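# Secondary and tertiary structure notes
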Number of protein chains: 2
Amino acid sequence: MPRVSEAHLAARRQQILEAAWRCFSRQGFHATSMQDVFAESGLSAGAVYRYFPSKADLVRTTAEGIAGIAEDAFQELMSEDPVPRPAEALRRTLVQITRHIASGEVDRTKIALHVWSEAVRDEEIRGIVTVVADRIISRWAELAERWSDAGYLAADADPRKVAHTMYGVMIGFVAQRHLLDLETDDYLDGFGAISR
Amino acid sequence: MPRVSEAHLAARRQQILEAAWRCFSRQGFHATSMQDVFAESGLSAGAVYRYFPSKADLVRTTAEGIAGIAEDAFQELMSEDPVPRPAEALRRTLVQITRHIASGEVDRTKIALHVWSEAVRDEEIRGIVTVVADRIISRWAELAERWSDAGYLAADADPRKVAHTMYGVMIGFVAQRHLLDLETDDYLDGFGAISR
């Protein structure tokens with residue numbers, strides 16, 4: 001029964017991931033050990049290591065999952081003509097994030113804050129964060145190119161630099177959401193008032 | 001000799017702070033203990049506790065110092081007529097930050113990343129971060145009110161919401177500076193191309 005077995009593997013994998021998210025969310029990334037993940041998941045070391053040989057692997061899978069969810073919003077935005085303006089594009093991506101990443105038992109955007117902190121002092125984690133950030137920034141750059149063509153940006157706009165601003169605005173949203181309980185709509189209104 | 005004594009106290013205080021910054025920068029906030037600060041400063045527990053009874057006190061002083069440095073840029077911006085536009089205001093604050101906070105032996109903006117991570121799971125640290133964030137956001141709100149009067153923002157702009165966007169843009173700069181080695185000028189160009 002290979003199909004059942006595959007579903008079982010996927011479920012087990014998800015069970016471990018969710019246990020890790022609970023640990024990271026509660027204790028932060030650095031203070032969480034693989035032993036904590038074994039205990040939280042109710043699985044043996046061997047069972048967990050089979051899927052995730054290290055904490056870095058848990059972070060990689062989590063970060064790629066988040067990028068994949070953001071990707072859905074970008075795909076939709078890129079498929080539209082005319083391309084949605086910056087404020088509308090930000091609205092769609094943040095709504096997608098709060099709906100699919102921040103919802104559920106564990107808010108994964110909170111884990112992002114812990115992982116960014118770890119990334120500035122751990123090269124392996126930094127590498128993972130860099131790859132995923134670059135994926136998201138490249139998507140913003142593609143959108144920025146279309147904004148430029150549509151005349152939405154200053155004439156001398158560099159899409160890659162605009163992309164870093166948009167990624168920065170996303171990071172600033174995630175941080176303030178957790179530090180200051182900022183509402184998504186308030187942030188979007190603020191960006192809408194200041195952007196072209 | 002009360003004046004000498006005062007200078008001595010200030011120097012000792014600064015010596016402890018800088019030792020703490022080196023620890024936080026190297027190990028992160030959570031993994032740094034007061035024992036690490038004693039060792040790094042070369043002072044006794046009693047000597048350190050006299051100035052900073054806890055890690056939270058070290059964070060409070062550090063955060064207030066950062067806010068004070070940003071405050072200098074805001075004071076200058078508020079004193080000008082006409083008020084500098086959003087992109088120019090961001091330029092001045094980020095230049096002030098990179099010049100006075102990120103420079104020197106320890107880049108304190110890196111510590112900010114560690115403190116934000118700790119703040120989402122420690123109420124005392126969160127309280128400190130919230131107070132300092134609110135101080136900076138209130139300054140952006142004052143500027144946003146003047147931008148609104150000058151016609152730089154959308155007609156229905158809410159200064160407080162715009163302020164959260166500007167604070168978010170600052171956070172996004174600090175994170176990308178450390179995660180992606182983003183250059184200040186590139187980020188400012190990006191913001192300039194997308195802002196009104």
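All values reported here derive from a predicted model rather than from experimental measurement.

## Description of the relation of the copies chain B and chain A
Once chain B has been moved 0.0 Å along the axis and rotated by 180°, it coincides with chain A to within an RMSD of 0.0 Å. The symmetry that links the two subunits is that of a two-fold axis. Closest approach to the rotation axis among the C-alpha atoms of chain B is made by Ser195 of chain B, whose C-alpha sits 2.1 Å away. Here 100% of the contact residues of chain B are again contact residues in chain A; the copies associate through an equivalent surface.

## Quick notes on the interface of chain B and chain A
Every contact between the two is made by 50 residues of chain B and, on the other side, 50 residues of chain A. In terms of surface lost to chain A, no three residues of chain B exceed Val120, Leu179 and Ile194 of chain B, which account for 18% of the buried area on that side. In this assembly, chain B and chain A are joined by six salt bridges. Run the count over chain B and chain A and you get 26 residue pairs in polar contact (both at pLDDT 80 or more). Those elements that provide at least two residues to the side of chain B that touches chain A are helix 1 (2-27), helix 6 (108-119), helix 7 (123-149), helix 8 (159-179) and helix 9 (184-194) of chain B. Broken down by class, the residue content of the side of chain B that touches chain A amounts to 26 nonpolar, 15 polar and nine charged.

## Remarks on the packing of aromatic side chains
Under the definition given, this model contains ten aromatic pairs over all chains. Measuring from ring centre to ring centre gives 5.7 Å for Phe173 of chain B and Tyr187 of chain B, while their planes differ by 35°; the resulting arrangement is tilted. On the criterion of sequence distance, the pair formed by Phe173 of chain B in helix 8 and Tyr187 of chain B in helix 9 is long-range, its members being 14 residues apart. The class of Phe173 of chain B is buried, set by a relative accessible area of 1%. Three or more aromatic residues joined by ring pairs form one cluster here, namely Phe74, Trp140 and Trp147 of chain A. Over the ring of Phe29 of chain A we find Lys55 of chain A; its NZ or CZ atom is 4.3 Å from the centre of that ring. One residue, Arg85 of chain B, lies across the ring of Tyr152 of chain B, its end atom 4.0 Å from the ring centre.

## Quick notes on the domain arrangement of chain A
Residue and element names in this part refer to chain A. In terms of domains, chain A is made up of domain 1 (1-53) and domain 2 (55-194). Here the C-alpha centroids of domain 1 and domain 2 sit 26 Å apart. With 17 residues of domain 1 in contact, the opposing surface of domain 2 contributes 16 residues. For the pair domain 1 and domain 2, the summed buried surface comes to about 1,700 Å²; carbon and sulfur atoms form 69% of the total. Where domain 1 meets domain 2, there are one salt bridge. Among the salt bridges present, the one from Arg22 reaches Glu105, with a minimum N-O distance of 3.3 Å. Here domain 1 is connected to domain 2 by seven residue pairs in polar contact (both at pLDDT 80 or more).

## A few points about the UniProt feature "domain: HTH tetR-type" (unreviewed entry) in chain A
Sites flagged by UniProt as "domain: HTH tetR-type" (unreviewed entry) map to residues 10-70 of chain A. Counting secondary structure, residues 10-70 of chain A comes out at 80% helix and 0% strand; the distance between its end C-alpha atoms is 22 Å.

Scoring rules and cut-offs
Residues numbered from 1 in each chain as written. Chains lettered and ligands numbered in written order. Predicted model: local features only at pLDDT ≥ 70, side-chain atom pairs only at ≥ 80, totals over all residues. Heavy atoms only, no water. Least-squares fit on C-alpha atoms with pLDDT ≥ 70 in both. Contact = heavy atoms within 4.5 Å. Buried area = accessible area lost by both parts, 1.4 Å probe. Salt bridge = Lys/Arg side-chain N within 4 Å of Asp/Glu carboxyl O. Polar contact = N/O pair within 3.5 Å; in protein donor to acceptor, adjacent residues only side chain to side chain. Helix = DSSP H or I, 4+ residues; strand = E, 2+ residues; numbered from the N terminus. Nonpolar A, V, L, I, M, F, W, Y, C, P; charged D, E, K, R; others polar. Phe/Tyr/Trp six-rings, centres within 6.5 Å; stacked < 30°, edge-to-face > 60°. Buried < 20%, exposed > 50% of the residue type's maximum accessible area, 1.4 Å probe, protein only. Lys NZ or Arg CZ within 6 Å of the ring centre and 35° of its normal. Domains from an automatic or database assignment. UniProt positions renumbered as here; feature names shortened; annotations may be inferred.

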